[in-house]
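Observations on the model geometry
If you want the building blocks of each chain, they are given just below.
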Amino acid sequence: MAHGAHRSPLLPPHPDLTLARDCEQCLGWGTVVTGDGHHELCRACQPGPAEAATGSPRP
């Protein structure tokens, strides 16, 4: 039996798909689903909040 997604008051994060293109962690989506079922930006290819503000890429 298939189940739909649960309603959430939070909007899903908006990844930069250019950065996510060749990422092996998120398979190019730019987001990952946590064990709780929440969407988060991929830590391997997406900049964090502090890095996004300064414009420096992640190593």
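Residues numbered from 1 in each chain as written. Predicted model: local features only at pLDDT ≥ 70, side-chain atom pairs only at ≥ 80, totals over all residues. Heavy atoms only, no water.

Describing the overall build of the protein chain
As a reminder, the rule being used: Under the scheme used here, helices are H or I runs from DSSP no shorter than 4 residues and strands are E runs no shorter than 2 residues, and both carry numbers assigned from the N terminus. Only protein chains enter the accessibility calculation, which uses a 1.4 Å probe; a residue is then buried when its area is under 20% of its type maximum, exposed when over 50%, and partly exposed in between. Any two residues whose heavy atoms approach within 4.5 Å at even a single point are treated as in contact. Only the protein chains shown count as cover for residues, and the accessible areas themselves come from Shrake-Rupley with a 1.4 Å probe.
From N to C terminus, the protein chain includes two helices and two strands. When the 59 residues of the protein chain are sorted by exposure, 15% land in the buried category. In the protein chain, once contacts between residues fewer than 6 apart in sequence are set aside, the share between residues at least 24 apart is 22%. Accessible surface, the protein chain as shown: approximately 5300 Å² in total, 57% of it carbon and sulfur.

What about unusual backbone geometry?
The residue leucine 27 is not glycine, and still its phi comes out positive at about 60°. Looking at the element boundaries, leucine 27 is found in the loop between helix 1 (17-20) and strand 1 (31-33). Here leucine 27 falls in the exposed class, since its relative accessible area comes to 68%.

Topic: the environment of aspartate 16
With respect to the helices and strands, the residue aspartate 16 is situated in the segment before helix 1. Classification of aspartate 16 by relative accessible area gives partly exposed; the value is 37%. Sequence spacing of aspartate 16 and threonine 31 is 15 residues, and the spatial spacing of their C-alpha atoms is 9.6 Å.

Some remarks on the confidence of the model for the protein chain
As a note on interpretation, predicted positions should not be read in detail where pLDDT is low. Inclusion rule: pLDDT is a residue-level measure of predictor confidence that goes from 0 to 100.
For the protein chain, the mean per-residue pLDDT works out to 79, and 63% of the residues sit at or above 70. Per-element confidence in the protein chain is highest for helix 1, whose mean pLDDT is 94, and lowest for helix 2 (residues 49-54), whose mean pLDDT is 55.

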